[in-house]
Every structure is written in structure tokens, then in C-alpha cells.
Amino acid sequence: MEERAEAAPSPPPAEHKREQEDEALHVAKRRKVLCSEFAAITSSDEAVARRFLASSDWHMERALNAYFDPPGDTEAAAGGSAPACADTGTCIDLTADATTSTAGVNGEDSQQKEDDSNFSLITWNIDGLDLGNVKDRARGICTYLALYSPDVVFLQEVIPPHLPLLQMKAGNYTIIPGNIDEYFTAIMLKKSRVKLLKHDIIPFPTTAMKRNLLVVHVSISGIELCLMTSHLESTKDHSKERIKQLQIVLNEMQKESESTTVIFGGDTNLRDSEVTKLGNLPDNIKDAWEFLGKPQHCRYTWDTQSNTNLNAAYKCKMRFDRIYFRPAVEGGHFIPRSMDLIGLEKLECGRFPSDHWGILCNFDVIL
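Every value quoted in this text rests on a predicted model; they were computed, and no experiment measured them. (Residues numbered from 1 in each chain as written. Predicted model: local features only at pLDDT ≥ 70, side-chain atom pairs only at ≥ 80, totals over all residues. Heavy atoms only, no water.)

### Focus: the sheet that holds strand β2 (residues 152–158)
Ordered by their spatial adjacency, six strands build an open sheet running β3-β4-β2-β1-β14-β13, and the pairing between neighbours is mixed. What marks the edges here is a single partner per strand, and that holds for β3 (173–177) and β13 (333–342). Averaged over all neighbouring strand pairs, the angle between strand axes comes to 20°, with direction disregarded. Strand direction decides the pairing type here: β13 and strand β14 (residues 358–366), joined by nine bridges, are antiparallel. By the bridge assignment, D340 is partnered in β14 with L360. The strands that helix α6 (residues 134–148) touches are β1 (118–125), β2, β4 (184–190), β13 and β14; relative to β1, the one it contacts most, it runs at about 170°. (Pairing = 2+ DSSP bridges. Helix = DSSP H or I, 4+ residues; strand = E, 2+ residues; numbered from the N terminus. Axes fitted to C-alpha atoms, helices over the stretch in contact; angles between N-to-C directions. Contact = heavy atoms within 4.5 Å.)

### Looking at the sheet that holds strand β8 (residues 261–267)
The strand order β5-β6-β7-β8-β12-β9 describes an open sheet built from six strands, whose pairing is mixed. Where the open sheet ends on each side, the last strands, each with one partner, are β5 (194–203) and β9 (286–287). As paired elements, β5 and strand β6 (residues 212–220) share nine bridges and run antiparallel to each other. The partner of I201 across the bridge, within β6, is L214. Here helix α8 (residues 239–255) sits on the sheet and contacts β5, β6, β7 (223–231), β8 and β12 (321–326); the angle it forms with β12, its principal contact strand, is near 30°.

### Considerations on the pairing of β2
Here β2 lies mainly inside the structure; seven of its seven residues are buried. Here β1 pairs with β2 via five bridges, running parallel. Each bridged residue has a counterpart across the sheet, and for T123 the counterpart in β2 is F154. Viewed along the sheet, the connection from β1 through α6 into β2 turns out right-handed. Sheet analysis places β2 next to β4, joined by five bridges and oriented antiparallel. The residue bridging V152 from the neighbouring strand is L189, located in β4. (Buried < 20%, exposed > 50% of the residue type's maximum accessible area, 1.4 Å probe, protein only. Right-handed = clockwise from strand over helix to strand, strands pointing away.)

See the structure below:
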């Protein structure tokens, strides 16, 4: 009697059955979407997609890794301690166990027609200076690039071993590095969509951290676009230098022809008070996050509470990574439509791809 009294009442059989059917339908729809995404990325069919996803417990990143990297591969350099010569970066081979196929990033191009009304951009500090799990994390970055297939990628804290891996895994991108020593920035351009016109490197004369401004001029759908990325001076103690560098960036954005849209993105390390000290942004240069109404879901790109890569004892949230744009006065326009953070899932090694979240920004292209 006591057991019967404590038992929770069961839902009516018909209602319970309906709930089960709704749940099954939701799972089936989600898996169908995952299969479509996997097939587009890998240039495979739905049967292959279903097989790899099912064997990976429907985890996209795990399934993609299983598809592109033979199961016999070992991660010799993935462990926490860095190799003895890691301070130079030259002895780390991130391609040692990687396949030469570039279908991971190329696949979507062959499956889907380019949409001239949309332009997508990712900016991400990929934390190459952290050599812990560097191979796993580098491949994780490549997986995200394959998943979103952006038209343009801005990367910061790239190290020399990243370049051959990116060239192998992202063969349909033109890669322009801002340097080739120690650590640097890079801009990646999707060959099928973005035509490189010219590029330049603007030095920061008083940097103590080898920082500069990488400037790339491109053409998209016949519209000229100026792209810029940088990694401004780090840490609170270098605020004065960082503000000087921001002023150089803004000056360079202003120098471009008024008929050209200019987009800057990168790890600015900025605090809002530093932008205020500079007198805020010029009227014709917009902060994309502010332009979109300051969406809170993508406000903090460096968050030691949610991102455990640093194992920091302190909790800190900052909007270090930013996108600025200066619209063209006439001609084609690129107008921010949406912004999201990426890299929010831990990899199988137990760490995130970077200590920064990446930013994915989609623009409307008005011809």
C-alpha cells in the first residue's frame, strides 16, 4: 500500500505515446540536418554521413575527425607538455598525422552555389602560443572552418606550423600571413568567391610584441573591399601602446577610398574605457556588435569562467575581439546582419580550440 501511495501518477497512455512520438520526430529531424551538413562538408552522400555520425554518437566534430583522419592515427604531439624545441615552433609538425584531403573545407563549394547576397567572416585568436594539445586544437580550428565555410577568415596568434596544416586542410583558401616568424596574424580568402587584388603590412613603430596591421584588398562579386586584421598590444600594462595602435588602425581605415567598404577584425585587447580615451570611434566607423544592438550572447569573447583553457584562478569576461566596419559612401555595401560566437565546445582532448571564442559575422551584400 505504501509503495502504491508514493508512486507518481502515470500520464494517460495516449498522452505519453504522443510525447514519445514528438521526441522521436525531433531527434529524427535533428539527425537529418546533421547528415545534410556532414554530406555538404565532406562531399559525401547521406548514407556515408549517417554511418559516421551514428558511430560517433551523432557528435559532428568527432564524426568529421573520423572521416578525415584514419582511425590508426596517433596524436604524438597532442599531450600537455610541449616538445623540447617548441620555443622556436619549427619542430612541431601539425600535419604529421593529417590526411592530404582538403574536402573538409572544399566540400561545401562543390555542393552549394555561392550566394552573392551574403558575405561571411570569422575572426579568431587561435592561441598558437599555448603548445598544450596544439595538434588537437589546430585541427579543431580547421573543423570549424569546414563547418561554416566563411568567405574570409582573420586569424591571430598563428604560429609557423599552422600554415602547412591550413594549406592542407583548407586548400581552397588563399592564405596571406602578416609574418612568418614566431607568431603572427593571417587572412584567408575563399578562392571561389574572393579575388585577391593586393596586400600590405603596416608596422606599429613602438610595439614591444611584434604586432602590426595586415591589410588586404579584394574583390567580391565585382565590389572592392578592404580587409584588415591585427592583434593589438596585450595586457593591461600596455594600454598606452594599444591606444596608439588603435589610432593607426582607424587612420588606415579612413585613408581608404570612400567607395570601398573597409572591415577590420581581430583581437584588439581593448577595454571600452580605452576607446573612450581616444574620443570614441569616428562617426563613419561602426562597431559591428554595437550596430547589431549589442547582442548579449556574443558580447564576451574572452571568458575565463566559461573557457577553462587557461585554468585561471580569477574570473574575467572581456570583449577583446571586435569587428569594425566603415561603409562605402556609394557602390556596393556590406551591412552586418548577424553575429555569433564559435569554438564553444570542448574537443575530445578536453580543451577548447582556443582561450578566445571566435566571432562569426554575416553581412548582407547590397549590389
